[in-house]
Amino acid sequence: MDMFQTYIIYSESKDQYYTGHTSVGAEKRLARHNDGWTQSTKSGIPWTLKYVKSFRDKSEAIKWENFIKAQKSRSFIERQIASEENELKN
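What counts as what
- Residues numbered from 1 in each chain as written.
- Predicted model: local features only at pLDDT ≥ 70, side-chain atom pairs only at ≥ 80, totals over all residues.
- Heavy atoms only, no water.
- Helix = DSSP H or I, 4+ residues; strand = E, 2+ residues; numbered from the N terminus.
- Rg over C-alpha atoms; globule rule 2.2 N^0.38 Å.
- Buried < 20%, exposed > 50% of the residue type's maximum accessible area, 1.4 Å probe, protein only.
- Contact = heavy atoms within 4.5 Å.
- Areas by Shrake-Rupley, 256 points an atom, 1.4 Å probe, with all protein chains shown as cover.
- Lys, Arg positive; Asp, Glu negative; His and termini not counted.
- Charge placed at Lys NZ, Arg CZ, Asp CG, Glu CD.
- Pairing = 2+ DSSP bridges.
- Axes fitted to C-alpha atoms, helices over the stretch in contact; angles between N-to-C directions.
- Expected span 1.5 Å × (residues − 1).
- Arc of directions from axis to C-beta.

Caption draft 1: Quick look at the overall build of the protein chain. On a plain count of helices and strands, the protein chain comes out with 3 helices and 3 strands. Secondary structure elements in the protein chain, listed N-terminal to C-terminal, are β-β-α-β-α-α. For the protein chain, the C-alpha radius of gyration of 13 Å lies close to 12 Å, the compact-globule estimate for 90 residues. Seen through its principal axes, the protein chain has C-alpha atoms that stretch 30 × 30 × 25 Å. When the 90 residues of the protein chain are sorted by exposure, 37% land in the buried category. In the protein chain, 57% of the contacts between residues at least 6 apart in sequence involve partners at least 24 apart. Approximately 5,800 Å² of the protein chain is accessible, and the part contributed by carbon and sulfur atoms is 47%. In the protein chain, 15 positive and 12 negative side-chain charges are present, and the distance between their average locations comes to 5 Å.

Given below as structure tokens:
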């Protein structure tokens, strides 16, 4: 069974978040961002992985990615990251 993920990465040098989806795994996708595979994230290298949510369907991962982006809200992104961090601690 394939697993799809929506992820958020962060560039300290740009103080910017980037949201995307992947089917290769968030860690592998992060490595590709940091290797300069993606034009839109090249200038922010190095990126760190801040958030991952897994889905069974690609369409669900894309819907969640688009929902995050539609919020146009840094505070929304940071609440998602904080929520994930709290879940990992419990």
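Once you've had a look at it, read on.
Caption draft 2: Quick peek at the environment of Ala82. Summarising the element assignment, Ala82 is placed in helix α3 (residues 74–89). Residue classification places Ala82 among the partly exposed positions, given a relative accessible area of 34%. Spatially, the C-alpha atom of Ala82 lies 16 Å from that of Tyr18, the residues being 64 residues apart in sequence.

Caption draft 3: A look at the sheet that holds strand β1 (residues 4–11). An order of β2-β1-β3 is seen for the 3 strands of this open sheet, with the pairing classed as antiparallel. Every interior strand has two partners, whereas the edge strands, β2 (16–22) and β3 (47–55), have only one. Neighbour-to-neighbour, the strand axes of this sheet turn through a mean angle of 20 degrees, independent of strand direction. Bridge count between β1 and β2: 7 bridges; the pairing is antiparallel. In the sheet register, Ser11 faces β2, and the bridge partner there is Gln16. Of the strands in this sheet, β1, β2 and β3 touch helix α1 (residues 26–34), which is tilted by about 145 degrees from β3.

Caption draft 4: Helix α2 (residues 58–71), seen in detail. Taking 1.5 Å of rise per residue, the 14 residues of α2 would be expected to cover 20 Å, and the 20 Å separating its terminal C-alpha atoms lies within 8% of that figure. Buried within α2 we find Ala61, Trp64, Glu65 and Ile68. Looking straight down α2, one finds its buried side chains confined to an arc of 100 degrees; they lie on one side. Turned more than 90 degrees away from the buried face of α2 sit Lys63 and Ala70, all of them exposed.

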